[in-house]
Amino acid sequence: MNKSCFLTATVGILLGSSAIAGGFDNSYFPDDIFFGKSRIQGSISRTEINAIGKLTVGGTTKTTNDIYVKKISPVGGIRYNINPSFSIVAQTHKPYRANTRYDTGFFNSVPTFSSLETQLDTLALGYKLPMSSGQISVIAGMNRFNGMGGFGTDFMSGDVSDGTVDVNDLKFKESYFPAFGLGYEIPDMAMRVSAMYYAESKTTAKGIISSSTSAVAAGGIPTTGISVHVDKMVISPSRLHLHAQSGVHPKWLLLAGYIFAEWGRIPSLIVKKSSDDTTLSTQSLFNNNAHYFYGGLGHLFNKRTRLTSVFFWEPLRDEPLTGLRTPSRGGVSSALFGASYDATKHINIGLNYSFIHAAATRIEVATPAQSGVFPASNGHKFAASLAYQI
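Residues numbered from 1 in each chain as written. Predicted model: local features only at pLDDT ≥ 70, side-chain atom pairs only at ≥ 80, totals over all residues. Heavy atoms only, no water.

A. Expanded view of the overall build of the protein chain. Assigned secondary structure in the protein chain consists of 2 helices and 21 strands. Across the 390 residues in the protein chain, those meeting the buried criterion constitute 52%. Taking contacts inside the protein chain between residues at least 6 apart in sequence as the whole, the part at least 24 apart equals 67%. For the protein chain, the exposed surface amounts to about 16400 Å²; the carbon and sulfur share of it is 63%. (Helix = DSSP H or I, 4+ residues; strand = E, 2+ residues; numbered from the N terminus. Buried < 20%, exposed > 50% of the residue type's maximum accessible area, 1.4 Å probe, protein only. Contact = heavy atoms within 4.5 Å. Areas by Shrake-Rupley, 256 points an atom, 1.4 Å probe, with all protein chains shown as cover.)

So this is what it looks like as C-alpha cells:
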C-alpha cells in the first residue's frame, strides 16, 4: 500500500473540506492544500442550527432565537509542485458566512438581526527541504480579505414596536495580511506535523442606515439614507493552527490538532455617523480568545474507499453571556463522519456529515438590563468534496 496516497485522500479531502471547521466555521482556515501532491480540490458545505430560549426585560419574558444560522460555505484551491523543491498554492473560500435572526418587536435596543459574508483569497509559495527520513516544508503567503455585513436594532414604545433601524450593506474595505507555515512530513508513514500562522487583518467599513417610517417618526432615531462608517478595527483575528497525524497501521491513521484564535481583539463594532463622527451604535461581539481542539482517525476500508471520523470541541467561555451572539462564546462541539471514494486514478469524491451541539447559555446583559436562558440545541452540517490529482 502507498501510504502517501492514504495521506492525500483521507486527510487532504475529508479533513480539509470541513472536518476541523466545527459548527460555525469561524476560526478554521483550510490549510491542507499547502501539503501533498499537485491537485485541484474543492468542497461545499451547508450548516444549519437554531437556538431558541426565553429572555426577560423589565419583568416581561419573550421567546426568541439566539442563533439562527443557515449557510452555504464553498472552498476551492489548487496546488502545483513546480519541481521537487518548490510549489505554488492558490485558494479561495468564505470563512465567515452567517445569518442570525431575532424576533422583531422584541425589546428596546435589542438587535433584530446580524449578517456577515466574507471572502478570503490566498496565494502562497512552498519550499521542501529533503531530510534523511522525511522532508521539511516552509510556506509563506499573502491573504486578501473583504466582505460585507449588517445588523438591525428594534425600538419600542412599551410593548409596541416603533420599527427597526438597520445598517445594511456594511462594506468592509479590502485588507491584506500574511501567513506562514512550517511542516515535517514522512510520506511513507502518512506522517505530518505542521504549524500555520495567520496574522490579524484590520480594516474599515462604510454603510447606509435604513429606518422604518414609524421608527423615524418616533424621534431621536437616525433618518434613512444617512452614511455611516466603522473606524479601523480587527476584522479577522490572528490565529495559530497546529496539526499532527500519523499512520499507525497499514489501514489506520490517527490525527489531532489545536487552533488558537485571538477573538478578544474584537470586543465590539462601533458604528459612527460619517458627517460628524457621532457614535450611533455599539454592537458587542467577542470578549475572549478562542481555543479549539480536535482529534480523529481514518481507515482504509478497501483499495478505493476511505472512512474518517473526527471530534471537534470548543470549550465554553463567556458564561454568563453578555450579549446575544452565542457562536462567540464557545460551548460548541461536533462529530463528523465521512467517506471518500477514488472514482478514477485521478479523481476522488468525498461526502461527510457533522452533528453539531451548542451548550446551554445563560444571558446577563447590563444595558438594556436583560436576562435569560437558552437550552442546549443541536444542528447539522453536510459537505461534499472533489479533488483531481494533476
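B. Looking closely at the nonpolar core. The biggest cluster of nonpolar side chains holds 41 residues, and the ones touching the most others in it are F34, F177, Y198, V230, W263, L269 and Y292. Among the nonpolar cores identified, the runner-up in size contains 5 residues, and L55, L321, I363 and F374 belong to it. (Core = buried A, V, L, I, M, F, W, Y, C linked by side-chain atoms within 4.5 Å.)

C. Region of interest: the environment of P178. Mapped onto the secondary structure, P178 falls in strand β7 (residues 160–186). A relative accessible area of 26% places P178 in the partly exposed class. If sequence neighbours within four positions are ignored, P178 has contacts with G141, M142, N143, Y197, Y198 and A199.

D. Just the confidence of the model for the protein chain, in detail. When pLDDT is averaged along the protein chain, the result is 79; 76% of the residues meet or exceed 70. Helix α1 (residues 3–19) is the least confidently modelled element of the protein chain, averaging 39 in pLDDT, while strand β3 (residues 86–93) averages 95, the highest of any element. This stretch, residues 1–25, has a pLDDT under 50; its non-local contacts, to residues over four places away or in other chains, come to 104 contacts. (pLDDT = per-residue confidence, 0-100.)

E. Inspection of the side chain of D121 at higher detail. Note on placement: D121 falls in strand β5 (residues 111–130). Take D121: its relative accessible area is 19%, and that puts it in the buried class. A distance of 2.5 Å separates the side chain of D121 from the side chain of T92, its partner in a polar contact. A distance of 3.3 Å separates polar atoms of two side chains, one belonging to D121 and the other to Q119. Not counting residues up to four positions away in its chain, the partners in contact with D121 are Q91, T92, M142, N143 and R144. (Polar contact = N/O pair within 3.5 Å; in protein donor to acceptor, adjacent residues only side chain to side chain.)

F. Quick peek at the pattern of salt bridges. Within the structure shown, the criterion is met by 10 salt bridges. Between K94 and E117 there is a salt bridge, with the nearest N and O atoms lying 3.3 Å from each other. Of this pair, K94 sits in the loop between β3 and β4 (97–101) while E117 sits in strand β5, placing them 23 residues apart in sequence. For E117, a relative accessible area of 33% puts it in the partly exposed group. Residue D231 is joined to K272 by a salt bridge in which the shortest nitrogen-to-oxygen separation is 2.8 Å. Here the residue D231 occupies a position in strand β10 (residues 227–236), and K272 occupies one in strand β13 (residues 268–273), the gap between them amounting to 41 residues. (Salt bridge = Lys/Arg side-chain N within 4 Å of Asp/Glu carboxyl O.)

G. Structural detail: unusual backbone geometry. Non-glycine residue A190 carries a positive phi angle of around 55 degrees. Checked against the element boundaries, A190 lands in the loop between β7 and β8 (191–198). By relative accessible area, which is 1% here, A190 ends up buried. With phi around 65 degrees, D277 is a residue other than glycine that occupies positive phi space. If you trace the backbone, D277 turns up in the loop between β13 and β14 (279–284).

H. How the structure looks around the pairing of strand β19 (residues 361–365). Of the two faces of β19, only one is covered, namely that formed by T361, I363 and V365; the face formed by R362 and E364 stays uncovered. As paired strands, β19 and strand β20 (residues 370–374) are joined by 5 bridges and run antiparallel to one another. Looking at the pairing, E364 lines up with S371 of β20. (Pairing = 2+ DSSP bridges.)

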